[in-house]
Amino acid sequence: MINHHDINSVAVIGAGQMGAGIAQVFAQSGLQVLLSDVSDAAARRGVENIQNGLERLVAKGKISSDRARSIVTRISPQTELASLGKAQLIIEAATENEATKVKIFRALTPHLGPDTIVASNTSSISITRLATSTDRPERFLGVHFMNPVPVMKLVELIRGIATDDAVFNTVKNLMGQIGKTATVAEDYPAFIVNRILIPMINEAVYTLYEGVGSIASIDASMKLGANHPMGPFELADFIGLDTCLAIMNVLNNGLHDPKYRPCPLLQKYVDAGWLGRKVGRGFYDYRQTPPMPSR
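Since the model is a prediction, treat every value here as computed from it, not as a measurement.

Asker: Help me understand the nonpolar core, please; the structure alone is not making it clear to me.
Answerer: Soluble globular proteins tend to bury their nonpolar side chains together. Counting 37 residues, the largest nonpolar core has Phe26, Leu89, Val143, Phe145 and Met175 as the members making the most contacts within it. Top element by residues in this core is helix H1 (residues 17-28). It accounts for six residues. Filtering out sequence-adjacent residues up to four positions away, Val143 remains in contact with Ala119, Ser120, Asn121, Val155, Glu156, Leu157, Val171 and Met175. If you look at the next biggest cluster of nonpolar residues, it comprises 28 residues, including Val205, Leu241, Ile247 and Tyr260.

Okay, structure coming up:
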C-alpha cells in the first residue's frame, strides 16, 4: 500500500479552470503532473492558463520567475487516457455530468496500474455510484477542491461505501502536504459546501423571480448585511449557472424534497446560454465595465 510520501506523480483529467488549478497546486508542491483533455489544444491551453496566472503573480512580486518556470515544467499536457496509467493518483475534473464522468472512468480503467488511486473532483454526484464504473471501488474516493483552487484552502474528501481506510488516509495526508485543509463529508448529494451554498443561491434566484428585490439589491444586501465577500448572483456567475443548476438537480433528484426544486428563472438563464463569467453573460453582463445586472 502506497502512502502519501510515495506519491510523486498525479494525473488530472480535464484542463479547464478546475483541472488546471488542481494541476497547479500539485506542481507547486513538487509533484510531476499529467494534465489531460480531449484535444491537444485544450490540454495545452490549460498549461498556458496556468503559466499566465503564474506570470501575473511574478509581476506582482508574489513569486520569482524561476519559481514560476519550475512549476510549469512539472506539468505535461496529455490527450490519451492510456498515458495516465503510470500516475499514482488520478483525479477526474471533467464537467459536472454523471454520464460524462462514467464514460471517462470506464475508458481509463484498462490503463490503470494495480495500486493507482482514482478520485473524482465532483461537487455533488455520488462517489459510491461513480466508483462502480471502475474496477477498484476500494481505491476510489471524492476529492472536491474549491474554486479557485490555488487560492482556496479547503478540500472536501468523500468516502464511497467501499473506499479503503488506508487509501482515504493516504489522500487526506497528501492534501496536507500540498497545503490544503481537508474536511470529511459523507456520500450524500452535494456533500457539505454545495448542500448549503447552492440552495442559498437558488433561494436568491427565487427572491429575484418573485420580485422581492433586484439583482443589485439582493447582492448588496448579502454582502453588507451578511458580510459575504460576493453576492449570490456574483457567486453564481463565477461558479457557472449550468453547474449551479446541475447541483440543484442532483439535490432535487437525490433527496426528493421540494425545497431543492431549481428555480425556473435559473433554468431559463441556462436555456438561454447565459452561464456566467465564462461566456461573458449571466446574471450580470460582463461585456461592459463595470458589469451590469441583467434585470
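Read on for the rest.
Asker: What exactly am I supposed to notice about helix H11 (residues 264-272) here?
Answerer: Residues of H11 that are buried: Leu265, Leu266, Tyr269 and Val270. Mapping the buried residues of H11 onto a view down its axis gives an arc of 145°, with all of them on the same face. Residues of H11 that are exposed and angled more than 90 degrees away from the buried face: Lys268 and Asp271. The inward-facing, buried residues of H11 abut helix H7 (193-209), helix H8 (215-225) and helix H10 (241-255). Where H11 terminates, the next one or two residues include Gly273, which has phi positive at roughly 80°.

Asker: Help me understand the environment of Glu210 in this model?
Answerer: Relative to the helices and strands, Glu210 is located in the loop between H7 and H8. Taking the C-alpha atoms as reference points, Glu210 and Leu265, separated by 55 residues in sequence, lie 9.8 Å from one another.

Asker: Is there a simple way to explain the sheet that holds strand S8 (residues 181-185) in this structure?
Answerer: Strand-to-strand pairing in sheets goes through backbone hydrogen bonds, with the strands running parallel or antiparallel. Reading across from one edge, S3-S2-S1-S4-S5-S6-S7-S8 is the order of the eight strands in this open sheet, with mixed pairing throughout. Here the strands that pair on one side only, and so sit at the sheet edges, are strand S3 (75-78) and S8. In this sheet, neighbouring strand axes are inclined to one another by 25° on average, regardless of whether the strands run parallel or antiparallel. Pairing of strand S1 (residues 9-13) with strand S4 (residues 89-92) involves four bridges; the strand directions are parallel.

Asker: For this particular structure, what's the right way to read the environment of Gln24?
Answerer: Secondary-structure assignment places Gln24 in helix H1. With a relative accessible area of 9%, Gln24 lands in the buried category. When the C-alpha positions of Gln24 and Pro232 are compared, they lie 27 Å apart, and in sequence the two are 208 residues distant. If we ignore the near neighbours within four places in the chain, the residues touching Gln24 are Ile50, Leu54, Ile71, Ile75 and Pro150.

Asker: Quick question: what am I supposed to make of the UniProt feature "site: Important for catalytic activity" (unreviewed entry) in the chain here?
Answerer: The UniProt entry lists His144 under the feature "site: Important for catalytic activity" (unreviewed entry), expressed in the numbering used here. With respect to the helices, strands and loops of the structure, His144 is situated in strand S6 (residues 140-145). With near-sequence residues (within four places) excluded, His144 lies in contact with Ser120, Asn121, Thr122, Ser123, Leu154, Val155, Glu156, Ile158 and Asn194. Among the polar contacts listed, one links the side chain of His144 to the side chain of Glu156, at a separation of 2.8 Å.

Asker: It is not clear to me how the UniProt feature "domain: 3-hydroxyacyl-CoA dehydrogenase NAD binding" (unreviewed entry) in the chain should be interpreted in this structure. Could you clarify?
Answerer: When the UniProt feature table is mapped to this numbering, "domain: 3-hydroxyacyl-CoA dehydrogenase NAD binding" (unreviewed entry) covers residues 9-187. End C-alpha atoms of residues 9-187 are separated by 27 Å, and the span's content is 39% helix alongside 22% strand.

Asker: It is not clear to me how unusual backbone geometry should be interpreted in this structure. Could you clarify?
Answerer: Asn147 connects to Pro148 through a cis peptide bond whose omega is 0°. Within the secondary structure, Pro148 sits in the loop between S6 and strand S7 (154-159). Across the junction of Thr289 and Pro290, the peptide omega takes the value -5°, indicating a cis bond. With respect to the helices and strands, Pro290 occurs in the loop between strand S9 (284-285) and strand S10 (292-293). Located in the positive-phi region is Ala190, a residue other than glycine, with phi close to 75°. By the secondary structure assignment, Ala190 is in the loop between S8 and H7. A residue is classified by how much of its surface remains accessible, and Ala190, at 0% relative accessible area, is buried.

Asker: I tried to follow the pattern of salt bridges on my own but got confused; where do I start?
Answerer: Once their charged atoms are close, side chains differing in charge can pair, the charge on each being opposite to the other. Counted by the stated rule, this structure contains 10 salt bridges. With its nearest N and O atoms 2.9 Å apart, the salt bridge here joins Asp40 to Arg44. Separated by four residues within a single helix, Asp40 and Arg44 lie in helix H2 (residues 40-59), roughly one turn from each other. Accessibility expressed as a relative area gives 44% for Arg44, which makes it partly exposed. For Arg69, the salt bridge is made with Asp66, and the minimal N-O distance between the two is 2.2 Å. Here Arg69 pairs with Asp66, and both are found in helix H3 (residues 65-73), just three residues apart, close to one helical turn. What emerges from the salt-bridge pattern is a single network uniting Glu92, Glu96 and Lys101.

Asker: Would you explain the domain arrangement of the chain in this entry?
Answerer: Often, the extent of an interface is quoted as the loss of accessible area upon association of its parts. The domain architecture assigned to the chain consists of domain 1 (9-186) and domain 2 (195-293). Domain 1 puts seven residues into the contact, and the matching count from domain 2 is four residues. For the domain 1 and domain 2 pair, buried surface summed over both sides reaches about 440 Å², with 67% attributable to carbon and sulfur atoms. The tally of links between domain 1 and domain 2 comes to zero residue pairs in polar contact (both at pLDDT 80 or more).

What counts and what doesn't
- Residues numbered from 1 in each chain as written.
- Predicted model: local features only at pLDDT ≥ 70, side-chain atom pairs only at ≥ 80, totals over all residues.
- Heavy atoms only, no water.
- Core = buried A, V, L, I, M, F, W, Y, C linked by side-chain atoms within 4.5 Å.
- Buried < 20%, exposed > 50% of the residue type's maximum accessible area, 1.4 Å probe, protein only.
- Helix = DSSP H or I, 4+ residues; strand = E, 2+ residues; numbered from the N terminus.
- Contact = heavy atoms within 4.5 Å.
- Arc of directions from axis to C-beta.
- Pairing = 2+ DSSP bridges.
- Axes fitted to C-alpha atoms, helices over the stretch in contact; angles between N-to-C directions.
- UniProt positions renumbered as here; feature names shortened; annotations may be inferred.
- Polar contact = N/O pair within 3.5 Å; in protein donor to acceptor, adjacent residues only side chain to side chain.
- Salt bridge = Lys/Arg side-chain N within 4 Å of Asp/Glu carboxyl O.
- Domains from an automatic or database assignment.
- Buried area = accessible area lost by both parts, 1.4 Å probe.

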